[in-house]
Each structure stands twice: as C-alpha cells, then as structure tokens.
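Observations on the model geometry
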Amino acid sequence: MINHSLQLFCNHAVAAGRITLADVQALMRDVLPDGFLDRDEVDMLIALDRAVPQIDPGFGPYLAAAIVDFTVWGERPTGTIDAGTARWLAASLRNGTGPTLLAGQIAQAVVREAQSCDEALIAFALEANRRRAADPAPVEFLVAA
C-alpha cells in the first residue's frame, strides 16, 4: 500500500511540473525518512522521473541511494539481487519505453553495490550505458535559485 504522504508528494510534483531542492529535502525528511517500505513506493518515484519535466539535481542521487538501500540491503537475501528482484526493477526502470538517464544510473548503482546480481539487471544496466553513450539525451534540471 502506498504511503499517503508519498502519494500527495507525487501529486504535487506532477501538478507543479517540477521537483525542487525543497521538495527533495521534504521527501527525505518527512515523506520517506526511513526509506522505502515496499516496491510500489519505488515504482512511484521511478515513474515520477518520467512524469516531471524539471527535476532538481539532488533528486537523482537521493533516489539512486534509496533504491540501492531498499533492493540490495532491505530485501532478502541481503546483498543479493535475485531473478525476481532483477526482473521487477529492470521492468520498472524500463517502463516499456527504455531507460531514462536516471534509470540507467540507478541500475548501475544497484549492480555495483550488490554482492551478487542476476543477469537481467546486469544486462539492463549495460543496455542503459550503451544507449547513453550512443545517444546522450538532454536532461533538463531545475536550477536552484
């Protein structure tokens, strides 16, 4: 079940069309102070990366670290990305259309941190890296004023 505060955060970000530094700080401090509780929450914030056109540069590193913490250290067996977790995370990051720059960075961070990782996520991370090298898409970040 989705945390009500997280749902409100996402609704606000989509309506505003941006995620500011203050939003990222509120997300860390108030909305998800203990990190993700389930995969649905992870999926929501991954989707937010595609839904919001202007994102503060602090959002990416926060999201990547939070997903690493949840998938590598929070799910069992600890330190291992098994086949089920790899398929779920790759599908969520791909979202049917291919990875965003941030999605590729998240996959690579998870693969680097895990002690062992199923090949589905490794293949996704390599694909994302190849796509980025071949066609670096412009990323629009909100510049903090």
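For the structure given in this document, a descriptive report is provided here.

Parameters at a glance
Residues numbered from 1 in each chain as written. Predicted model: local features only at pLDDT ≥ 70, side-chain atom pairs only at ≥ 80, totals over all residues. Heavy atoms only, no water. Phe/Tyr/Trp six-rings, centres within 6.5 Å; stacked < 30°, edge-to-face > 60°. Helix = DSSP H or I, 4+ residues; strand = E, 2+ residues; numbered from the N terminus. Buried < 20%, exposed > 50% of the residue type's maximum accessible area, 1.4 Å probe, protein only.

Right, let's get into the packing of aromatic side chains. Two aromatic rings are characterised by how far apart their centres lie and by the angle between their planes. Going through the model one piece at a time under the given rule, you end up with 2 aromatic pairs. Judged by centre distance (6.3 Å) and plane angle (80 degrees), the ring pair of Phe 36 and Phe 70 falls under edge-to-face. Highlighted residues: Phe 36 in the loop between helix 2 (21–31) and helix 3 (39–51) and Phe 70 in helix 4 (residues 59–74), separated in sequence by 34 residues. Taking the relative accessible area as the measure of exposure, Phe 70 reaches 9% and is therefore buried. A centroid spacing of 6.4 Å and a plane angle of 75 degrees characterise the contact between Phe 70 and Trp 88, whose relative ring orientation is edge-to-face. Note that Phe 70 is positioned in helix 4 and Trp 88 in helix 5 (residues 83–94), a separation of 18 residues in sequence. Every member of this aromatic cluster is reached through a ring pair, and the members are Phe 36, Phe 70 and Trp 88.

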